[in-house]
Amino acid sequence: MRDYLESQLKTVWPELRVVAHAANGLEALRLIDEEAPDVAFLDIRMPGLTGLDVAARLASGPKPPLIVFVTAYDQYAVEAFEQSAVDYLLKPASLERLEKTVAKLKTRTTAAPAASLQALLAQLAVATPAPVPAAAPLQWIRAAQGDQTRLISIDEVIYFQSNDKYTSVFLADGESLIRTPLSKLREQLDEQKFWQIHRSVIVAARHVAGTRQDFRGRLMVQLKGRPEQLVVSRNYVDLFRQM
């Protein structure tokens, strides 16, 4: 169905460039973060995360793409989609229906995606609640290290990285694990001291030595006194324009 949709799109929108394909929700989230596309076609029933789950996470990001949902729901179920600015396609999509979708996408302004996506998610009752701001930035972290629990000062942290169901905390003397998701952790950190450079990575600004481009053209963060280099996704490249 994904290949069929792409072939249909090539017919009605020849200038469209498809930058990536995803086989499941988690892969879709990662590729959207890395490629920063203008448009994402999301199947409602993807493995792992559904299309609605992915859209809910994208809505809180800096530059969400225009979302087109692909669904097998009946006409009654898709009425909710018709009330929003974000379009839907009923599988399998005909060329005539796809032409209408493409026409909508071509007329959108760059300011429209966030507003329309938020409206759709609110309408479907799947939008994430607004975070409650912390009274003060996080100062201490309780983390697991082996079979012990360690109390870590936030000043010891070099970077955080999502790791399946956990978040890895990288320190000068090793790695610890916490259960707090990166999205929740970001709300508790001082944004002047900790920079999100990828959907799955937040780095301590004082440990950033500089940046470079790799052979694929990706921006990489180099750390002080450490060999690993961290990928900066396109949505966060602006942080380093002055470096």
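Treat the numbers as computed from the prediction; the structure is a model and nothing was measured.

What counts and what doesn't
What you see as residue numbers is a count from 1 along each chain, following the sequence as written. Since the coordinates come from a predicted model, pLDDT governs what is reported: local features require at least 70, and pairs of side-chain atoms require 80 or more to be given and counted, while whole-chain, interface and lining totals use all residues. Side-chain measures were taken over the full set of non-hydrogen atoms in the model, leaving aside hydrogen atoms and water. Helix and strand labels come from DSSP, where a helix needs a run of H or I of at least four residues and a strand needs a run of E of at least two; each type is numbered from the N terminus. Under the convention used throughout, the expected extent of a helix is 1.5 Å for every residue step, that is, one less than its residue count. For every residue, the accessible area (1.4 Å probe, protein chains only) is compared with the maximum for its type, and the residue is labelled buried under 20%, exposed over 50%, or partly exposed between those bounds. In this description, one arc is meant: the one made by directions from the helix axis to the C-beta atoms. Here, two residues are considered to be in contact whenever any of their heavy atoms come within 4.5 Å of each other. The pairing criterion is simple: DSSP has to find at least two bridges between the two strands. Lines fitted to C-alpha atoms define the axes here, with helix axes fitted over just the stretch in contact, and angles between the N-to-C directions of these axes take values from 0 to 180 degrees. Values of pLDDT, which run from 0 to 100, indicate the predictor's confidence residue by residue.

Draft legend 1. Representation of helix H5 (residues 95-107). Counted at 1.5 Å a residue, the expected span for H5 with its 13 residues is 18 Å, and the 19 Å between its end C-alpha atoms agrees. Within the span of H5, buried status applies to Leu98, Thr101, Val102 and Leu105. Seen along its axis, H5 keeps its buried residues to an arc of 100°; they face one direction. For H5, the exposed residues set more than 90 degrees away from the buried face come down to Glu96, Lys100 and Thr107. Packed against the buried residues of H5 are helix H1 (2-12), strand E1 (39-43), strand E2 (66-71) and strand E3 (87-90).

Draft legend 2. Quick peek at the sheet that holds strand E13 (residues 229-232). Ordered in space as E11-E12-E13, the three strands form an open sheet in which the pairing is antiparallel. Two strands lie at the open edges of the sheet, namely strand E11 (208-213) and E13, each paired on one side alone. Put simply, the sheet's adjacent strands are angled 30° from each other on average, direction ignored. Of the strand pairs in this sheet, E11 and strand E12 (residues 219-223) are connected by five bridges, and their pairing is antiparallel. Directly across from Gly210, in E12, lies its bridge partner Gln222.

Draft legend 3. Looking closely at the pairing of E12. In terms of burial, E12 is a largely internal element, four of the five residues being buried. Hairpin connection of E11 to E12: five residues between the antiparallel strands, including Gly217 at a positive phi of 85°. In this sheet, E13 lies alongside E12 in antiparallel orientation, the contact comprising four bridges. Bridge pairing in E13 links Val221 to Leu230. Taken together, E12 and the strand that follows it, E13, pair antiparallel across an intervening segment of five residues, in which Gly225 is found at a positive phi of about 70°.

Draft legend 4. Structural view of the confidence of the model for the protein chain. A residue-level look at the protein chain finds 82% of positions with pLDDT of 70 or above and a mean pLDDT of 81. Note that pLDDT drops below 50 for residues 110-114; the model gives that stretch four contacts with residues more than four away or on any other chain. Contacts for the low-pLDDT stretch residues 126-134, under 50 throughout, to residues beyond four places or in other chains number seven contacts.

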